[in-house]
Amino acid sequence: MLDLLVFLIPAYIANSSPVVLGGGAPLDFGIKLNGKRILGEGKTIRGFAGGTLAGATAGIIVAWFYPLPFFASMEQQMAGALMLALGTLVGDSLGSFLKRRLGMESGSPFFPDTFIFLIVALAFAWPFVQDLYSPFNLVFFFGLTIILHPAANFLANRAGLKKVPW
Ligand code: CTP
Ligand code: MG
């Protein structure tokens, strides 16, 4: 089970770091679709790139020290980490895209925020893993994330990094 948690480190770092690394130009360049922003001010280019790089870097360091059994080689583990990190930011942006289409403001609470990023991250990493996405492991991944995501947001808010506690 520790291996399953370690596997998700790139996704968790990628998801949590944009709050500190983000800022600057929005990823959607301010463009609107049917009167609503495509993604909104909460998704920035720096947050996307910084989150992906931070998550991938964390995963590459993990791959040196902690080889996971779901990967055929260290290179596969590094590629998997990069895809988890990239998938996390793509999924995070997809979540915002859906929120804007539903007319929800940037920063509003939205339960699917807790797991949409994980679905996309796991899908991106799929080609690099072996025998990982069993029903047990998937329940573990989503269960853990639905606990940790709100906890991380609450702590980031208390630490003064995030305006809202979700
Ligand atoms: N952030 C960023 N770039 C990203 C993702 C996040 O700069 N690609 C930063 C923004 O400052 C954002 C904060 O991290 O406000 C928190 O991220 P998140 O909760 O994902 O965004 P929200 O502001 O809640 O916006 P949305 O409703 O679109 O999710
Ligand atoms: Mg939010």
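Residues numbered from 1 in each chain as written. Chains lettered and ligands numbered in written order. Predicted model: local features only at pLDDT ≥ 70, side-chain atom pairs only at ≥ 80, totals over all residues. Heavy atoms only, no water.

So, about the environment of tryptophan 126. Tracing the backbone shows tryptophan 126 in the loop between helix H5 (116-125) and helix H6 (135-158). You can call tryptophan 126 exposed: its relative accessible area is 57%. The spacing of tryptophan 126 and proline 150 is 24 residues in sequence and 25 Å in space, taken between C-alpha atoms. (Helix = DSSP H or I, 4+ residues; strand = E, 2+ residues; numbered from the N terminus. Buried < 20%, exposed > 50% of the residue type's maximum accessible area, 1.4 Å probe, protein only.)

With that settled, consider the site of ligand 1. Around ligand 1, the structure places 18 residues, and the nearest of them are Lys43, Thr44, Ser96, Lys99 and Arg100. Between an oxygen atom of ligand 1 and a main-chain N or O atom of glycine 107, the distance comes to 2.8 Å. More than half of the atoms of ligand 1 fall within 2 Å of the grid points belonging to the largest pocket. Sorting the residues of the shell around ligand 1 by element identifies helix H2 (18-21), helix H3 (45-65) and helix H4 (74-101) as the ones contributing at least two each. By residue number, the principal contributor to the shell around ligand 1 is H4, which donates four residues. Per-class residue counts for the shell around ligand 1 are four nonpolar, eight polar and six charged. (Near = heavy atom within 4 Å. Polar contact = N/O pair within 3.5 Å; in protein donor to acceptor, adjacent residues only side chain to side chain. 1 Å grid on protein atoms, 1.4 Å probe; cavity = no way out; pocket = protein on both sides within 12 Å on 5 of 7 lines; lining within 4 Å. Sits in = over half its atoms within 2 Å of the grid points. Nonpolar A, V, L, I, M, F, W, Y, C, P; charged D, E, K, R; others polar.)

Tallied over the entire structure, the rule returns five aromatic pairs. For the pair phenylalanine 7 and phenylalanine 70, a centre-to-centre distance of 6.0 Å together with 90° between the ring planes defines the contact as edge-to-face. Separated by 63 residues along the polypeptide, phenylalanine 7 in helix H1 (residues 2-16) and phenylalanine 70 in the loop between H3 and H4 bring together distant segments of the chain. For phenylalanine 7, a relative accessible area of 1% puts it in the buried group. Relative to tyrosine 133, the ring of tryptophan 126 has its centre 5.4 Å away and its plane inclined at 90°; by these criteria the two rings are edge-to-face. By relative accessible area, which is 19% here, tyrosine 133 ends up buried. A network of ring pairs unites the aromatic residues Phe7, Phe70, Phe71 and Phe141 as a single cluster. One residue, arginine 101, lies across the ring of phenylalanine 97, its end atom 4.8 Å from the ring centre. (Phe/Tyr/Trp six-rings, centres within 6.5 Å; stacked < 30°, edge-to-face > 60°. Lys NZ or Arg CZ within 6 Å of the ring centre and 35° of its normal.)

The next subject is the layout of surface pockets. Any space left empty among the atoms is revealed by the rolling of a water-sized probe across them. Put simply, the largest pocket is a space of about 1300 Å³. Taken together, 47 residues form the lining of the largest pocket, with Val19, Gly42, Lys43, Lys162 and Trp166 sitting closest to its centre. Where the lining of the largest pocket is concerned, the elements lending two or more residues are H1, H2, H3, H4, H5 and H6. Looking at the lining of the largest pocket residue by residue, the classes come out as 21 nonpolar, 18 polar and eight charged. (Points joined across faces, edges and corners; volume = space filled by probe spheres on them.)

Tallied over the full model, the rule gives four salt bridges. Its salt-bridge partner being arginine 37, residue aspartate 28 comes within 2.7 Å of it at the nearest N-O pair. The exposure class assigned to aspartate 28 is buried, which follows from its relative accessible area of 4%. Given the relative accessible area of 17%, arginine 37 is considered buried. (Salt bridge = Lys/Arg side-chain N within 4 Å of Asp/Glu carboxyl O.)

Among the nonpolar cores identified, the biggest contains 21 residues, and Phe7, Leu8, Leu122, Leu132, Tyr133 and Phe141 are the most heavily contacted of them. Among all residues touching leucine 8, those that are not within four sequence positions of it are Leu118, Leu122, Phe141, Leu144 and Thr145. (Core = buried A, V, L, I, M, F, W, Y, C linked by side-chain atoms within 4.5 Å. Contact = heavy atoms within 4.5 Å.)

This next bit is on the packing of H1 against H3. The N-to-C vectors of H1 and H3 enclose an angle of 160°; their axes lie 7 Å apart at closest approach. Compared by their axis directions, H1 and H3 come out roughly antiparallel. The two elements H1 and H3 meet at a crossing, and its hand is right-handed. Residues Val6, Ile9, Pro10, Ile13 and Ala14 of H1 pack against Gly51, Ala54, Gly55, Ala58, Gly59 and Val62 of H3. In terms of residue class, the contact of H1 with H3 is built from eight nonpolar, three polar and no charged. (Axes fitted to C-alpha atoms, helices over the stretch in contact; angles between N-to-C directions. Parallel < 35°, antiparallel > 145°, perpendicular 65-115°, else oblique. Left-handed = near helix turned anticlockwise from the far one by under 90°.)

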